[in-house]
Each structure stands twice: as structure tokens, then as C-alpha cells.
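Residue strings, one per chain:
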Amino acid sequence: MSDLQHREAVHEQRIDGFGTVRVLPLDPHADAEVIHRWVSEERAVFWGMTGLTVTQVAEIYAHMETLDTHHAFLVAKDGEAAALLQTYEPEADRVGECYPVRPGDIGVHLLLAPAGPAGARTGWTAHLVSAITAYVLRGLDRQRIVVDPDVRNGKAITRFERLGFEMGPVVVLPEIDLPDVYLPQKHAQLAFLHRETVRPG
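The structure displayed is predicted, hence computed values, not measured ones. (Residues numbered from 1 in each chain as written. Predicted model: local features only at pLDDT ≥ 70, side-chain atom pairs only at ≥ 80, totals over all residues. Heavy atoms only, no water.)

Chemist: Could you give me a rundown of the side chain of Arg-94, with the residues and numbers involved?
Modeler: On the secondary structure map, Arg-94 appears in the loop between β4 (80–88) and β5 (105–112). Salt bridges are absent for the buried Arg-94, whose nearest opposite-charge side chain, Asp-93, sits at 5.1 Å. Separated by 2.9 Å, the side chain of Arg-94 and the backbone oxygen of Pro-174 make a polar contact. Among all residues touching Arg-94, those that are not within four sequence positions of it are Leu-173, Pro-174, Glu-175, Ile-176, Leu-183, Pro-184, Gln-185 and Lys-186. (Helix = DSSP H or I, 4+ residues; strand = E, 2+ residues; numbered from the N terminus. Buried < 20%, exposed > 50% of the residue type's maximum accessible area, 1.4 Å probe, protein only. Lys, Arg positive; Asp, Glu negative; His and termini not counted. Salt bridge = Lys/Arg side-chain N within 4 Å of Asp/Glu carboxyl O. Polar contact = N/O pair within 3.5 Å; in protein donor to acceptor, adjacent residues only side chain to side chain. Contact = heavy atoms within 4.5 Å.)

Put into C-alpha cells, the structure is as follows:
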């Protein structure tokens, strides 16, 4: 993985008592090993990439890099990789078939790095997500974030509720079977975070 400290960020935020969070465009090849390590863990089964090789992970994100509607980022805290962030235009994604998309909506997928040897860190997720939402809602000038965790992923759903997301309907995201992309059908819990409910960071 390349030196994250020297990579140009699309968003940088210093959070008192936590550290500096930087949102960096994902480098499909330089970051493939760390992303592969995260998505291969049992806890990431709902991410849908367990069993892939490092090369396959790099190819998926290299393909995403060619799209105007879907983007991937590596989120770093104090120079260390802390999360994988993906944003997308809901009307260009299968989720757009499952709810009434509003102007200013943006879809988000978020995979947090595994906890270190010390285990869970109090407030770590909330601080990290506050910087991410600042970038997504204010940096990209959006009004509402939509997330679509798998209904079986109770941990993620609880986390989003705790972070202030409003629960929406349970929907069935249709199967996608294209030459470059395959996604199985997914039963998802939609949830929304409105810009006006988020305090500026």
C-alpha cells in the first residue's frame, strides 16, 4: 500500500480528541491488498467479496474507477487505513428501483477496518462516520444519504440507528447479471440520514 500521508485527499478533518480523518480516492492496485484482507474476513461476509483474490479485488475497483456514478475511497485516520467508503448515485444503482429517489440523494456503502489488538474503541465509529458524512453531505452538497445493509446484518443496522439514520422499508434488491458485474438478489433494510439532522463538524 502506498504512503497514505502523501496522497491527495478529497476531504480532511481534524476531530478534537480523535485525530485527523482523510478521505482519499481509492487506488485499485495500491490498496488492493488491504481491501482484500478486510473483505476476506468472516465479519465482512455481507460485503459479498469473500473468496476473491487480491487481483480480483483490484479488478473490481479498477472497473469502478471507470464509472461516473460509483466511486470508491479509502478513509485514513492519522495516516492509517480505517475504512472503505463507496458512494453511488441511487438512480444509477439497483437500489433506485426499490424506493422513490429524491434529488440530492446519495448512496453509501461503508466497511470499517477491523479493530486492532486493543479491541473495540469507544466513540471510534461515531467520530469516523462524522467526518465521512461531512464529506458526503456537505463536500458533495447532498441532502440525504441512503444505506442498504443486508437484513441479516443486525450489527450494521444497529450501528446506523445509533448514528442517527432513520429506518426505511425492507426491500428486495434485484439480481444484477452483467458481463462486468454480478450481484445476487439481496433483502435489504433501507435507512436514511438527512443533512439537516447532522451537526456541522
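Chemist: Go over empty space enclosed by the protein with me, naming the residues and quoting the values.
Modeler: In total, this model carries 1 cavity of 30 Å³ or more according to the counting rule given. Those elements that provide at least two residues to the lining of the largest cavity are β5, α3 (124–139) and β6 (144–147). Broken down by element, the lining of the largest cavity gets its largest block of residues, 3 residues, from α3. Per-class residue counts for the lining of the largest cavity are 9 nonpolar, 1 polar and no charged. (1 Å grid on protein atoms, 1.4 Å probe; cavity = no way out; pocket = protein on both sides within 12 Å on 5 of 7 lines; lining within 4 Å. Points joined across faces, edges and corners; volume = space filled by probe spheres on them. Nonpolar A, V, L, I, M, F, W, Y, C, P; charged D, E, K, R; others polar.)

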